[in-house]
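# Breakdown of the fold
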Amino acid sequence: MREVSVIGLGYIGLPTALMFAKSGVRVIATDYNAKLVNSLKDGMLSFEEKGLELLFREALSSGIEFTTKYHKTNIYIIAVPTPYIKESKKLDPKYVISAVNSVLDICAKGSIIIIESTVSPGSIDKYIRPEIESRGFCIGEDVNLVHAPERIIPGNMIHELEYNSRTIGADDLEIGEKVKDLYSSFCKSEIVVTDIRSAEMSKVVENTYRDINIAFANELAKICRTDNMDVYEIIKIANKHPRVNILQPGPGVGGHCISVDPWFLVGDYPDLTNMILMARKTNDAMPTHVLGRVRDIMRAHSIKDTSKVGLYGLTYKENVDDIRESPTLQLLEKMDEHLAFGVKVFDPFVKTRMVEHQFINFEDFLNEIEIIVIMVAHDHIKYNMDSLKGKLILDTRNICDFDDVYKL
Ligand code: SAJ
């Protein structure tokens, strides 16, 4: 039976570990967070995701093992966080380095270490190889290195794990093929084997492409606002062209991928990344644009009190519970900078209080506000659209079709 260790049981590591287990691979799922490991052992998931519960049950009955310890297997998949340093815009590789070291402490000769965490191009050469060599290991003989960046999208992770194509970057093609064979246990799509540098770069390029495309849509939204054109209608028509595919404008770009990865390129190639930098700035400026729209609406209706404004949605996008770098958090930060406080917040996916003036009950939230800003297009608000009647609505996601709705 094939065997693999998955290290880091977060948004990527956990579904990946479960998927391997369900597909007949023996999985040792490791995380240093004892609380998380214990709750997984008790059958409790740490986050919500479509289809995850069922996959979890299937993996449990296939004998997946959750542990805080590193166990000896032949293949180790590292899916730990790779935060970026806000000031320098560079990657902080400390968690990957620490996980690699823990693997080196126990692994047998010839083991394969696969890094799934997103890293900035060149990071494996810069941080990981020297670390392994400084421990006296010969890469290619004692251990083999692979980079297999993930591509799954929160909200549709389980389906995409199975049906997205993947990239395997390896020093040695034979090792690459072996890893490809392992991922084929659940991945039904094409798996491309390439070198490590290309795998690192293509991952960051994919997210940067999306960031630039969203920035273009956001810029169009601002252009259309100045001359009262309907940006959604224009994008809809433009996208009928067979070679045009413009994404949707929104209140900003959040999450831990698209709003972060382009910075790696800007940080490493500051003189060569004009467009990438502009796109980042354009998207980062969207929460301020939303604030400007709120101010316009308040003025038009002689509302002076910001506590009459309610932000619907705290997560970075629809139908997930992840609030990292969310446009709503960015907007609240901007308000804070300008000493404007008191706006109310509600999100059906965020059940503990994360920010000031956050409501846990939707009706209570609605009772307190006159203006509602739809920041996230959760299904919840689509089903409850009628309850917004009588409010002033700023719909940043284009989901409300009432006549008198304000848009971006
Ligand atoms: N957004 C828009 N307009 C759009 C699409 C998205 O404003 O038309 C916003 C979202 O609301 C959100 C942000 O962009 O705030 C990012 O959301 P997303 O759904 O575009 O992407 P993520 O961050 O959830 O996942 C991305 C995906 N990358 C690409 O599509 C190229 C995913 O496949 C990656 O696996 C993931 O990053 C990652 O982990 O890198």
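Thresholds, definitions, all that
- Residues numbered from 1 in each chain as written.
- Predicted model: local features only at pLDDT ≥ 70, side-chain atom pairs only at ≥ 80, totals over all residues.
- Heavy atoms only, no water.
- Helix = DSSP H or I, 4+ residues; strand = E, 2+ residues; numbered from the N terminus.
- Buried < 20%, exposed > 50% of the residue type's maximum accessible area, 1.4 Å probe, protein only.
- Pairing = 2+ DSSP bridges.
- Axes fitted to C-alpha atoms, helices over the stretch in contact; angles between N-to-C directions.
- Phe/Tyr/Trp six-rings, centres within 6.5 Å; stacked < 30°, edge-to-face > 60°.
- Right-handed = clockwise from strand over helix to strand, strands pointing away.
- Domains from an automatic or database assignment.
- Contact = heavy atoms within 4.5 Å.
- Buried area = accessible area lost by both parts, 1.4 Å probe.
- Salt bridge = Lys/Arg side-chain N within 4 Å of Asp/Glu carboxyl O.
- Polar contact = N/O pair within 3.5 Å; in protein donor to acceptor, adjacent residues only side chain to side chain.
- Core = buried A, V, L, I, M, F, W, Y, C linked by side-chain atoms within 4.5 Å.
- Expected span 1.5 Å × (residues − 1).
- Lys, Arg positive; Asp, Glu negative; His and termini not counted.

### Things to note about the environment of Gly-24
Within the fold, Gly-24 resides in the loop between α1 (13-22) and β2 (26-30). The class for Gly-24 is partly exposed, based on a relative accessible area of 43%. Here the alpha-carbon distance between Gly-24 and His-378, two residues 354 residues apart in the chain, equals 35 Å.

### Some remarks on the sheet that holds strand β7 (residues 111-115)
If you trace the 8 strands from one edge of the open sheet to the other, you get β3-β2-β1-β4-β7-β8-β9-β10, paired in mixed fashion. If you trace the sheet from one side to the other, it starts and ends with β3 (65-67) and β10 (191-194), each paired once. Strand-to-strand twist in this sheet, taken as the mean axis angle between neighbours without regard to direction, amounts to 20°.

### So, the packing of aromatic side chains
Here the structure, examined in full by the defined rule, presents 11 aromatic pairs. With a centroid separation of 5.3 Å and an interplanar angle of 55°, the aromatic rings of Phe-20 and Tyr-183 are classed as tilted. Here Tyr-183 lies in helix α7 (residues 173-183) and Phe-20 lies in helix α1, a separation of 163 residues in the sequence. Here a set of aromatic residues connected by ring pairs shows up, and it is made of Tyr-312, Phe-346, Phe-359, Phe-362 and Phe-365.

### Points about the pairing of strand β11 (residues 309-312)
The two faces of β11 match: Val-309 and Leu-311 on one face and Gly-310 and Tyr-312 on the other face are all buried. As judged from the 4 bridges shared by β11 and strand β14 (residues 371-374), these two strands associate in the parallel manner. Bridge pairing in β14 links Val-309 to Ile-371. With 3 bridges joining them, β11 and strand β12 (residues 344-346) adopt parallel strand pairing. From the neighbouring strand, Leu-311 faces β12, where its bridge partner is Val-345. Viewed along the sheet, the connection from β11 through helix α13 (residues 327-337) into β12 turns out right-handed.

### Observations regarding the domain arrangement of the protein chain
Domains assigned within the protein chain are domain 1 (3-196) and domain 2 (227-407). Distance from the C-alpha centre of domain 1 to the C-alpha centre of domain 2: 33 Å. With 17 residues of domain 1 at the contact, the number on the domain 2 side is 17 residues. Between domain 1 and domain 2, the buried area comes to about 1500 Å², and carbon and sulfur atoms account for 55% of it. Considering only the side of domain 1, the residues that lose the most area to domain 2 are Glu-48, Tyr-84 and Lys-89, jointly responsible for 37% of the buried surface there. The interface formed by domain 1 and domain 2 contains 2 salt bridges. Measuring nitrogen to oxygen at the nearest pair gives 3.4 Å for the salt bridge that ties Asp-268 to Lys-90. The interface formed by domain 1 and domain 2 holds 5 residue pairs in polar contact (both at pLDDT 80 or more) in total.

### As for the nonpolar core
Judged by nonpolar contacts, the single largest core of 42 residues is most densely connected at Val-27, Phe-66 and Tyr-183. If one sorts the elements of this core by residue count, α1 sits on top with 6 residues. Apart from residues lying up to four places away in sequence, Val-27 is in contact with Val-4, Val-6, Ala-17, Phe-20, Ala-21, Ile-64 and Glu-65. Within the second largest apolar cluster, 33 residues are counted, among which are Leu-220, Ala-221, Val-355 and Val-373.

### Looking at helix α12 (residues 286-300)
Along its 15 residues, α12 runs 21 Å from first to last C-alpha, staying within 8% of the 21 Å computed at 1.5 Å per residue. Of the residues making up α12, those classed as buried are Met-286, Pro-287, His-289, Val-290, Leu-291, Gly-292, Arg-293, Val-294, Ile-297 and Met-298.

### Some thoughts on the side chain of Asp-31
Mapped onto the secondary structure, Asp-31 falls in the loop between β2 and α2 (34-41). Lacking a salt bridge, the buried Asp-31 has Arg-324 as its closest oppositely charged neighbour, with an N-O distance of 12 Å. At a separation of 2.8 Å, a polar atom in the side chain of Asp-31 contacts the main-chain amide nitrogen of Leu-9. Contact partners of Asp-31, with chain neighbours within four places excluded, come to Gly-8, Leu-9, Leu-36, Val-37, Thr-67 and Thr-68.

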